[in-house]
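Survey of secondary and tertiary structure
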Amino acid sequence: MEEMEEELKCPVCGSFYREPIILPCSHNLCQACARNILVQTPESESPQSRRASGSGVSDYDYLDLDKMSLYSEADSGYGSYGGFASAPTTPCQKSPNGVRVFPPAMPPPATHLSPALAPVPRNSCITCPQCHRSLILDDRGLRGFPKNRVLEGVIDRYQQSKAAALKCQLCEKAPKEATVMCEQCDVFYCDPCRLRCHPPRGPLAKHRLVPPAQGRVSRRLSPRKVSTCTDHELENHSMYCVQCKMPVCYQCLEEGKHSSHEVKALGAMWKLHKSQLSQALNGLSDRAKEAKEFLVQLRNMVQQIQENSVEFEACLVAQCDALIDALNRRKAQLLARVNKEHEHKLKVVRDQISHCTVKLRQTTGLMEYCLEVIKENDPSGFLQISDALIRRVHLTEDQWGKGTLTPRMTTDFDLSLDNSPLLQSIHQLDFVQMKASSPVPATPILQLEECCTHNNSATLSWKQPPLSTVPAEGYILELDDGNGGQFREVYVGKETMCTVDGLHFNSTYNARIKAFNKTGVSQYSKTLVLQTSEVAWFAFDPGSAHSDIIFSNDNLTVTCSSYDDRVVLGKTGFSKGVHYWELTVDRYDNHPDPAFGVARIDVMKDVMLGKDDKAWAMYVDNNRSWFMHNNSHTNRTEGGIAKGATIGVLLDLNRKTLTFFINDEQQGPIAFENVEGLFFPAVSLNRNVQVTLHTGLPVPDFYSSRASIA
């Protein structure tokens, strides 16, 4: 109903129609508003003068459209009647409904009569504010227009439907809300008044009581007052003039202008026109249904555009990040070449400095020796060595010959980076226009038989469907966080296999893959669920260890070639979960103090574990142990190690603690708390110690039970 409200409002005042009249153009106006927009016309254009000249064809004469000039209406908001020299230019205003209306050139004379009965200025003209068609009124004025009783009824029903809840009509003071309505009595009752005034017995027992809303509808459908003829106000409409397309009364047929016209029964034409309107509404209803479906389609397009925008932005960011990564890798390669050239130049210059320094020291020594020989007063002794000294001086002087005092290396770097082609390519980087002939790639298929996990790493393999004809330029692999969180990109490239390291142990990950080309991105593949290992299997890492560390037994056993402490790390890092590993002492000579614990990847490798702030360790000899971090020694504990001893390390990242064990007994209290981040198993030892690593071990039972109690 609310969508119909604009149909019920006057285009002049913007309010609901009051006493609406129908213009010959089929538009409606309030009777008062119609009077307010009347305009006087010259005498020569009056209906009487037109009929006297034989040019009148109707009681309502429209002004010729070529005589009415509405120039610059869209720009300046003014209109005028250009056909009359005496007609003043009339400003054109906008009503609350947004249509242009023409107010009268002069204010209407004061009158105490109703708008319908008040006299209309002579030779008045009215212009429809909706279609701008103009017509000159006859002597009847506004009374010559029929009243729109149907529109009044629709407005009444609409306003009633918007009104508050119906009240009881028999309550003496504050009316209560009505609960029923009697159709025969036409009265709304509350429950107390119904029992008191309308008991369900006697003659009233046959009355039909209905809910208030239904009773309101019954009232709306009750017969309304029959409209009267505009020419004969005491006569009701009884027939319909087919030629004039308007209802007429009996007197119009007897003596009026409709006497020779074809007329039909008002009721028959009423039913016929209702049927025609219903048929027309069926077609309009189909169009409205199509419009609603179209609006749904447009709203879905808005949602799809938003989703595609997010996906396209993600793809763009991924492509730009790939370019940046490639540039960073190339930057690292070029910097490595610069560093290599830098080291080479320094080596050459330092070698020349060393060589020149030695030679200068020898020359200076020879000069000082020769000066002391010259001071001697023994001629025979001098002559015995003078020839040899002279030869040595000349030989040394020749060694400082040409080129000896010239630098073998320049200070300039003979390298020049030509980045202009790359900069030009970056400036030319732009989107390729998408074409229908270049569809997106097909959805990739994960090859389950080749997908697997090992420790905290996952390997995934995929391929394009066998019948796919659209090539893929690359793939985007996404994993969640192992805890049911959002997906994130872990690989973007052309390869069809990828290994993702650094995942959490004992965690479940979801993986998916999609392909892309210049046109766009494919749909995601089916999600693959991956389970990482419950416990960690790892060995020592030769790549990050000190060069003095000696490896054997598939990198599970280590010792050292130096008497100084050297550090070796495990290959696997931990950032989540509970992890336990052990080390057995295979050789223990001269009571050294090896250290066991965890460390960051960038820990110092040439000092005892725990000397810097990158390691958390326990170092132990044959009698006692200490905990050490950042060269701070704490918690001296009795009990040491010997050959065959077992050291256990328990890293609980859930509780953020590190605990040590010797021969299955906890060594001291909890060594360290509030440890968080990424840690690698670590050991420091010298040549007097050899240890073997044991991994894949479950957490000790006594610790698990203690943790569950806590």
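Under an unreviewed UniProt entry, the name given to the chain is E3 ubiquitin-protein ligase TRIM9, and the organism recorded is Vulpes vulpes. As its UniProt record puts it under Pathway (unreviewed entry), the chain is described as follows: "Protein modification; protein ubiquitination." In its Subunit (unreviewed entry) section, the UniProt entry covering the chain states "Interacts with SNAP25."

Spatially, β21-β20-β23-β24 is the arrangement adopted by the four strands of the open sheet, whose pairing is antiparallel. With one partner strand each, in any of the chains shown, β21 (488-493) and β24 (528-531) form the two edges of the open sheet. Neighbour to neighbour, the strand axes of the sheet diverge by 25° on average, direction disregarded. Of the strand pairs in this sheet, strand β23 (residues 508-516) and β24 are connected by four bridges, and their pairing is antiparallel. Note that in β24 the partner of Thr 508 across the bridge is Gln 531.

Moving on to helix α9 (residues 379-399). Taking 1.5 Å of rise per residue, 21 residues should cover 30 Å, and α9 covers 29 Å from first to last C-alpha, within 8% of that figure. A maximum bend of about 40° is found in α9 at Ser 386. Among the residues making up α9, those that are buried are Ser 386, Leu 389 and Thr 396. Buried residues belonging to α9 abut α8 (266-374).

Now for the environment of Val 500. Within the secondary structure, Val 500 sits in strand β22 (residues 497-500). Not counting chain neighbours up to four residues away, the residues in contact with Val 500 comprise Asn 456, Ser 457, Ala 458, Leu 477 and Val 490.

With that settled, consider the layout of surface pockets. Size it by volume and the second largest pocket reaches roughly 1,200 Å³. Taken together, 36 residues form the lining of the second largest pocket, with Cys 315, Leu 316, Gln 319, Cys 320 and Leu 429 sitting closest to its centre. When residues of the lining of the second largest pocket are traced back to their parent elements, those giving at least two are α8, α10 (420-428) and β21. Top contributing element to the lining of the second largest pocket by residue count: α8, with 13 residues. Viewed by domain, the lining of the second largest pocket spans two of them, domain 3 (285-401) and domain 4 (445-532), each represented by three or more residues.

Let us look at the pattern of salt bridges. Oppositely charged side chains may form a pair once their charged atoms are brought near each other. Applying the stated rule across the entire model yields 17 salt bridges. A salt bridge links Glu 290 to Arg 287; the shortest N-O distance between them is 2.9 Å. A residue pair is termed a helical-turn pair when its members lie 3 or 4 positions apart in one helix, as Glu 290 and Arg 287 do in helix α8 at three residues. Exposure remark for Arg 287: the relative accessible area of 46% places this residue in the partly exposed category. A salt bridge links Arg 587 to Asp 589, with the nearest nitrogen and oxygen atoms 3.7 Å apart.

What follows covers the nonpolar core. Generally speaking, nonpolar side chains in soluble globular proteins are found buried as a group. Among the nonpolar cores identified, the biggest contains 38 residues, and Trp 581, Leu 583 and Leu 651 are the most heavily contacted of them. Listed by contribution, the elements that provide at least two residues to this core are β26 (557-560), β28 (578-588), β29 (595-599), β30 (615-620), β33 (646-652), β34 (657-662), β37 (680-685) and β38 (689-694). It is β28 that contributes the most residues to this core, four residues altogether. Counting residues in hydrophobic clusters, the runner-up holds 23 residues, among them Tyr 17, Cys 33, Ile 37 and Val 154.

Definitions and cut-offs
- Residues numbered from 1 in each chain as written.
- Predicted model: local features only at pLDDT ≥ 70, side-chain atom pairs only at ≥ 80, totals over all residues.
- Heavy atoms only, no water.
- UniProt positions renumbered as here; feature names shortened; annotations may be inferred.
- Pairing = 2+ DSSP bridges.
- Helix = DSSP H or I, 4+ residues; strand = E, 2+ residues; numbered from the N terminus.
- Axes fitted to C-alpha atoms, helices over the stretch in contact; angles between N-to-C directions.
- Expected span 1.5 Å × (residues − 1).
- Bend = angle between axes of the 7 residues up to and from the residue.
- Buried < 20%, exposed > 50% of the residue type's maximum accessible area, 1.4 Å probe, protein only.
- Contact = heavy atoms within 4.5 Å.
- 1 Å grid on protein atoms, 1.4 Å probe; cavity = no way out; pocket = protein on both sides within 12 Å on 5 of 7 lines; lining within 4 Å.
- Points joined across faces, edges and corners; volume = space filled by probe spheres on them.
- Domains from an automatic or database assignment.
- Salt bridge = Lys/Arg side-chain N within 4 Å of Asp/Glu carboxyl O.
- Core = buried A, V, L, I, M, F, W, Y, C linked by side-chain atoms within 4.5 Å.

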